[in-house]
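One-letter residues, chain by chain:
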Amino acid sequence: MNQPTEVRIVPDRASLAETGAEIFVAAALQAVAARGRFLVALSGGSTPRDLFARLTQPPFVTAVPWTAMHVFWGDERLVPPSSSGSNYFHARRQLLDHVPIPATQVHRVRGELTAVEAVADYTRVLATSAEAGRSWPRFDLALMGLGADGHTASLFPGAPAVVETEAPVKAVTADYEGRPAQRVTLTPPVFNDGRELLFLVAGAEKAAALAAVLGDTDDALSWPAQAIQPRAGKLIWLADVEAAQLLQGTEWV
Ligand code: 6PG
C-alpha cells in the first residue's frame, strides 16, 4: 500500500543539502541495522552535488556506515567516467573520493560502452546485487532529481521508458539543456520497489514542473516524475522555497 507522499519545504539549497544528508544517514543506519547493508541509487545533474559534499563533512561523515554501502545510479550518460558529463564523475569527485566505500561496492553504469552493452552490463550488475529470486535490488534509498520539463532520472516526457513495466534498464536519447543525449536509465518498476525515494528539487526554474507533478493532473507521460510511486516505500519531496513557490495550499507535511 502506498505510503502518503511527504513534501518538505526548506529555505534554500544549503538547507536542502543539510536535510537531505539527515534523511540519507537515517536511511543508511536503518538499512544496515535491518539487513547489514545500505543500497543507494544516486541521482545525477547538479542538485545533489551539495548533498554529496555535505555528507563528507561532520557530523555526517562519521555517521554513515560507508563500508556497508553499495552505490548505484538512477541514470547515467553514455560518456566515459572521466567526462564531466558523467554522473559518476561528479559523485566520485564530490563524495566517493572522500569516504571509505569499497571499490567493489561502487556499481556504476559503464558509460564508455555502447548503449546495448551498457544496458546489458547494468542489468547484470543489478541482478548480482538483488535479493534472492529478484532481478534487481530493493533500493533502501533512491535520490531523484526533477527536470524543468518534469523528467526524472532519464525518464523524459513522451518516452516509452516512462511506461516500461518489465525491463529494469533502458537506453534513451534525450535533448535536455545541452547535456549528453545518449543515456541509460532505471525504469519505474525498479524505482517503485524502493524503500525510500527522495526527490531533491531546487530553484525557481523547477517551480512549474513541481506544481504540475504534485498537482491534480495524473499524466506521467507528460510529467514523468509522476511515474515514481513506490509500491510500499516512502516518497519524500524535498524542495527549496524557490522551487515550491507555485505549490497550492499547506496540506503538505
Ligand atoms: C541527469 C539526471 C537528471 C537530473 C535532472 C535535474 O542525468 O541529468 O539524472 O534526471 O536529476 O535533469 O538536473 P539538475 O539537478 O542539474 O537541475
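Scroll up to find the structure this text is about.
Residues numbered from 1 in each chain as written. Predicted model: local features only at pLDDT ≥ 70, side-chain atom pairs only at ≥ 80, totals over all residues. Heavy atoms only, no water.

Visitor: Go over the side chain of Arg77, please, and point to the residues and values.
Guide: Position of Arg77 among the secondary structure elements: in strand β4 (residues 75-77). For Arg77, the side chain forms a polar contact with the main-chain oxygen of Gly85, separated by 2.6 Å. At a separation of 3.3 Å, a polar atom in the side chain of Arg77 contacts the side chain of Asn87. (Helix = DSSP H or I, 4+ residues; strand = E, 2+ residues; numbered from the N terminus. Polar contact = N/O pair within 3.5 Å; in protein donor to acceptor, adjacent residues only side chain to side chain.)

Visitor: I'd love a proper account of the packing of aromatic side chains, names of residues and values included.
Guide: For the structure shown, the criterion picks out five aromatic pairs. Seen in terms of ring centroids, Phe72 and Phe139 are 5.1 Å apart; in terms of plane orientation they differ by 65°. Their pairing is edge-to-face. Here Phe139 lies in the loop between α4 (115-128) and β5 (141-144) and Phe72 lies in strand β3 (residues 69-73), a separation of 67 residues in the sequence. Its relative accessible area of 1% is what places Phe139 among the buried residues. Ring plane angle 65° and centroid distance 5.5 Å describe the contact between Trp73 and Tyr88, whose orientation is recorded as edge-to-face. On the criterion of sequence distance, the pair formed by Trp73 in strand β3 and Tyr88 in helix α3 (residues 87-94) is long-range, its members being 15 residues apart. You can call Trp73 buried: its relative accessible area is 0%. For Arg108, the ring lying beneath its charged end belongs to Tyr88, and the centroid distance is 5.5 Å. (Phe/Tyr/Trp six-rings, centres within 6.5 Å; stacked < 30°, edge-to-face > 60°. Buried < 20%, exposed > 50% of the residue type's maximum accessible area, 1.4 Å probe, protein only. Lys NZ or Arg CZ within 6 Å of the ring centre and 35° of its normal.)

Visitor: Can you explain the pattern of salt bridges? Please cite residues and give values.
Guide: A side chain with one charge may pair with a side chain of the opposite charge, provided their charged atoms come close. As enumerated under the stated definition, the model contains 16 salt bridges in all. For Arg8, the salt bridge is made with Glu6, and the minimal N-O distance between the two is 3.8 Å. Take Arg8: its relative accessible area is 29%, and that puts it in the partly exposed class. What makes Glu6 buried here is its relative accessible area of 19%. With a closest N to O distance of 2.8 Å, Asp121 and Arg124 form a salt bridge. Here Arg124 and Asp121 lie together in helix α4, a separation of three residues that amounts to about one turn. The exposure class assigned to Asp121 is buried, which follows from its relative accessible area of 10%. (Salt bridge = Lys/Arg side-chain N within 4 Å of Asp/Glu carboxyl O.)

Visitor: Explain the pairing of β5 residue by residue, including any values.
Guide: The two faces of β5 match: Leu141 and Leu143 on one face and Ala142 and Met144 on the other face are all buried. The pairing of strand β2 (residues 38-42) with β5 spans two bridges and is parallel. Residue pairing in the sheet places Val40 in a bridge with Leu141 of β5. (Pairing = 2+ DSSP bridges.)

Visitor: Go over the site of the ligand with me, naming the residues and quoting the values.
Guide: With respect to spatial proximity, 16 residues lie near the ligand, and among them Thr47, Asp75, Ala153, Arg179 and Lys206 are the closest. In the environment of the ligand, an oxygen atom lies 3.3 Å from a nitrogen or oxygen atom belonging to the backbone of Gly44. Here an oxygen atom of the ligand sits 2.6 Å away from a polar atom, N or O, in the side chain of Lys206. When the ligand is considered free in solution it has 420 Å² of accessible area, and contact with the protein chains removes 97% of it. According to the grid-proximity analysis, the pocket containing the ligand is the largest pocket. (Near = heavy atom within 4 Å. Areas by Shrake-Rupley, 256 points an atom, 1.4 Å probe, with all protein chains shown as cover. 1 Å grid on protein atoms, 1.4 Å probe; cavity = no way out; pocket = protein on both sides within 12 Å on 5 of 7 lines; lining within 4 Å. Sits in = over half its atoms within 2 Å of the grid points.)

Visitor: Any details on the layout of surface pockets? Residues and values, ideally.
Guide: In this structure, the largest pocket encloses a volume near 310 Å³. Lining the largest pocket we find 25 residues, and of these Gly44, Gly45, Leu146, Arg179 and Lys206 sit closest to its centre. If you list the elements that add at least two residues to the lining of the second largest pocket, you get α1 (13-35) and β9 (234-240). With six residues, α1 is the single largest residue contributor to the lining of the second largest pocket. Here the residues of the lining of the second largest pocket are counted per class, giving six nonpolar, two polar and seven charged. (Points joined across faces, edges and corners; volume = space filled by probe spheres on them. Nonpolar A, V, L, I, M, F, W, Y, C, P; charged D, E, K, R; others polar.)

Visitor: Go over α4 with me, naming the residues and quoting the values.
Guide: In a regular helix each residue adds 1.5 Å, so 14 residues correspond to 20 Å; α4 covers 20 Å between its end C-alpha atoms and thus fits that length. Among the structural elements, β3, β6 (169-173) and β7 (182-186) are those in contact with the buried residues of α4. (Expected span 1.5 Å × (residues − 1). Contact = heavy atoms within 4.5 Å.)

These results come straight from atomic positions and should not be treated as a statement about function.
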